[in-house]
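# Survey of secondary and tertiary structure
The chain contents come next:
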Amino acid sequence: MRFTCEPSSDEEKTLRYLVDSRNKGRDIYEIISAWYTAAPADDESSRRFADCKGLAEVGFLNMTIDESGNLEVGDITSLGRCYFHDKAEREAAQDAKLQSERSHNYRVAIVGGIFGLFSGMLGSVIVNVITSWLPRAAEIGMCIAISLWHCAEGFFGIVIP
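Criteria and cut-off values
Residues numbered from 1 in each chain as written. Predicted model: local features only at pLDDT ≥ 70, side-chain atom pairs only at ≥ 80, totals over all residues. Heavy atoms only, no water. Salt bridge = Lys/Arg side-chain N within 4 Å of Asp/Glu carboxyl O. Helix = DSSP H or I, 4+ residues; strand = E, 2+ residues; numbered from the N terminus. Buried < 20%, exposed > 50% of the residue type's maximum accessible area, 1.4 Å probe, protein only.

Our focus in this paragraph is the pattern of salt bridges. Taken as a whole and assessed by the stated rule, the structure comprises six salt bridges. The shortest N-O distance in the salt bridge between Asp75 and Arg22 comes to 3.1 Å. Here the residue Asp75 occupies a position in strand E2 (residues 71–76), and Arg22 occupies one in helix H1 (residues 9–23), the gap between them amounting to 53 residues. Take Asp75: its relative accessible area is 29%, and that puts it in the partly exposed class. One salt bridge in this structure joins Glu44 and Arg47, with 2.7 Å as the shortest N-O distance. With a gap of three residues between them, Glu44 and Arg47 both fall in helix H3 (residues 43–58), about one helical turn apart. Judged by its relative accessible area of 39%, Glu44 falls in the partly exposed class. Each of Glu44, Arg47, Arg48 and Asp51 takes part in a single network of salt bridges with overlapping partners.

Next comes the structure, spelled out in structure tokens:
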């Protein structure tokens, strides 16, 4: 019992061969019955026929073997005929999504880099301003203290030696 609807890589190759043969006008029944009759003696034919059984299990091919060993082959189902077209569409959509994610990641990285650059520059300027004012801060503080002292002298009329 299979739990997936996707064919294996060997089954996909066999399906591609059958679809191409059908498109060229060849009879699918003749191809599969040739693999079925040659299967016990020929490894390639037995592998191809096993792939056909797998394709029938997945629903890509109408094929049954009754209890007496008679092979009944219908046609490739619409699921099988459209498989490669649908797969190409899925891969194109996945590629477009991946491309969109990549471009978004590049934009985020560029914007983050620009903001990082500007914030680093701003931090550098702030640190530079603070460090350049530190030596003068003591002078400014002393000037303010002396001015307040003189104001207090004039306001209270007290002369403090």
